[in-house]
Amino acid sequence: MRRLLLPACLAALALSAAALPARAQPVRFVAFGDMPYCQPAAPERCPAEEGRVARLMATINAARPAFSIFVGDTKGGAELCTDDKLLRALSWMTLADHPLVYTPGDNEWTDCWQGRAGRYDPQERLALLRQRFFPGAESLGRRPMPVQQQAAPFVENARWQRDGILFLTLHVPGSNNSRPAEPGEPGAAGLPRGPAALAEFEARDAANRAWLAASFAAAPEARGAVIALQADMFYRQVCGQGYDSGYRAIREAIAGTARAFGRPVLLINGDSHYFVHHEPLEGVPNLTRLQVPGEADAQAVVVTFDPAADRPFRFELIGEAGSPPARPPCAGYDSSIRSTRAG
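Just so it is clear, the model here is predicted, and its values are computed rather than measured. Each chain carries its own residue numbering, running from 1 in the written order of its sequence. Only residues with pLDDT of at least 70 get local features here, since the model is predicted, and only at 80 or more are side-chain atom pairs given and counted; chain-wide, interface and lining totals rely on the full set of residues. Note that the side-chain values use all heavy atoms of the structure and ignore hydrogens as well as water.

## Concerning the pattern of salt bridges
Moving on, step 1. Salt bridge, as used here: a side-chain nitrogen of Lys or Arg that lies within 4 Å of a carboxyl oxygen of Asp or Glu. Per the stated rule, a full pass over the model turns up 14 salt bridges.
Moving on, step 2. Here Arg248 and Glu182 are joined by a salt bridge, their closest N and O atoms 3.1 Å apart. Here Glu182 lies in the loop between helix 6 (174-177) and helix 7 (195-217) and Arg248 lies in helix 9 (residues 248-261), a separation of 66 residues in the sequence.
Moving on, step 3. Here's how the labels work: a residue is buried when its accessible area is under 20% of the maximum for its type, exposed when over 50%, partly exposed in between, all with a 1.4 Å probe on protein chains only. With relative accessibility at 35%, the residue Arg248 sits in the partly exposed group.
Moving on, step 4. Taking the relative accessible area as the measure of exposure, Glu182 reaches 28% and is therefore partly exposed.
Moving on, step 5. Of the charged contacts in the structure, one is a salt bridge between Asp244 and Arg248, with a shortest N-O distance of 3.7 Å.
Moving on, step 6. Given a relative accessible area of 9%, Asp244 falls into the buried group. For helices the rule is a DSSP run of H or I covering at least 4 residues; for strands it is a run of E covering at least 2, with both sets numbered from the N terminus onward.

## Looking at the state of the cysteines
Simply put, disulfide is the name for a covalent bond between the sulfur atoms of two cysteines.
Moving on, step 1. To count as a disulfide, a pair of cysteine sulfur atoms needs to be within 2.5 Å. If you walk through the whole model with that rule in mind, you get three disulfides.
Moving on, step 2. Two residues, Cys38 and Cys46, share a disulfide whose sulfurs are 2.1 Å apart. On the sign convention where negative means left-handed, the S-S torsion of about 65 degrees between Cys38 and Cys46 marks this disulfide as right-handed.
Moving on, step 3. Two residues, Cys239 and Cys330, share a disulfide whose sulfurs are 2.0 Å apart. Torsion about the S-S bond of the Cys239 and Cys330 cystine: about -80 degrees, corresponding to left-handed handedness. Remark: Cys330 occurs in the loop between strand 12 (313-320) and helix 10 (332-335) and Cys239 occurs in helix 8 (residues 235-239); sequence separation between them is 91 residues.

## Re the environment of Gly294
Moving on, step 1. The topology assignment puts Gly294 in the loop between strand 10 (287-291) and strand 11 (298-305).
Moving on, step 2. Under the relative-accessibility criterion, Gly294 is labelled buried at 0%.
Moving on, step 3. For the pair Gly294 and Ala197, spaced 97 residues apart in sequence, the C-alpha to C-alpha distance is 27 Å.
Moving on, step 4. With sequence-adjacent residues up to four places away left out, Gly294 is seen in contact with Gly33, Asp34, Met35 and His273. Contacts are residue-level and defined by heavy atoms, with any inter-residue pair within 4.5 Å sufficient.

## Remarks on the side chain of Ser245
Moving on, step 1. Structurally, Ser245 is set in the loop between helix 8 and helix 9.
Moving on, step 2. One polar contact links Ser245 to Asn176, side chain to side chain, over a distance of 3.0 Å.
Moving on, step 3. A distance of 2.8 Å separates a polar atom in the side chain of Ser245 from a polar atom in the side chain of Glu185.
Moving on, step 4. Setting aside residues no more than four positions away along its own chain, Ser245 makes contact with Asn176, Arg179, Pro180, Glu182 and Glu185. In the analysis that follows, any N or O atom pair within 3.5 Å is treated as a polar contact, provided that within protein one partner can donate a hydrogen and the other can accept it, and provided that, for residues neighboring in sequence, both atoms belong to side chains.

## Quick word on the nonpolar core
Moving on, step 1. Residues Leu170, Ile227, Met233 and Ile254 are the most contacted members of the largest nonpolar core, which totals 34 residues.
Moving on, step 2. Broken down by secondary-structure element, the contributors of at least two residues to this core are strand 6 (165-169), helix 7, strand 7 (224-228), helix 8, helix 9 and strand 8 (265-269).
Moving on, step 3. The element contributing the most residues to this core is helix 9, with six residues.
Moving on, step 4. If we skip the residues at most four places from it in the chain, Ile254 touches Leu170, Leu212, Ile227, Leu229, Met233, Leu267 and Leu287.
Moving on, step 5. Take the buried residues of types Ala, Val, Leu, Ile, Met, Phe, Trp, Tyr and Cys, join any two whose side-chain atoms come within 4.5 Å, and each joined set is a nonpolar core. Formed by 28 residues, the second largest nonpolar core is a distinct cluster that contains Met35, Ala89, Met93 and Leu128.

See below:
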């Protein structure tokens, strides 16, 4: 009888192991933004900047990510907001041999009213972006993936899931989220003006907060979450200068949502062109911010997200650093933030 017990026990153990769910795998993807930055004063250098982005796309492809997220600013702020400049990114985004998700930045539309950008109507430029970059419920890239889009006109906001992790984009650009400055607020001269700009901001800001809430409500069992947007919403807190009124409501919404969610949340932004990762909000220890490099540094960040790990996020820089590499926008990025440029 004892000889029969061992095979029976082994068979029972095998059946039990087969019944256990497999451990969910980490998700590996790429985040980047703020490139190429061509300078109108030196147009001869633009092909070189575009070439750096093309080489970066080849490097990203070689990394074989599940998908890439581009967090805005497909051109320099001093470049004219002509159709060809705004649509230039479509050519290099098609180099991605994987799905590529894009959320707009301020250089593509918010700042187009400025003289250096050609004094275009920002809302008309935004309409062009929505028409050409977001025509349907799928990503860009050679192998697009389906995404859920917010209802028109806010079709640039997307969400999707991969291996139990929620991903979503919010249209929050730099230049104060395209909100006119409050009376006495620093930086007013460079910000949008007038009642039409304020009305656009208020509608989009409310839509962003609604999309954030709806996305988390649609994925109550998610193991973790990633929120991607363009603006450096923490610049004023870190650097002690600049505007902030356009970011308060969405920043508070993200903080409250992440706190209630309780599982790891990664907030990705560009805008300040310097690689940083830290926990930006006191009382929300499950929220990590990743700021991607850009402009001088034609680099991307390979993100490995394993919500079950003690350290859920691993970051690896790929691509070409500038010569010299980008400097931090203020001393606070070196002294008050646990910042690293090497992974």
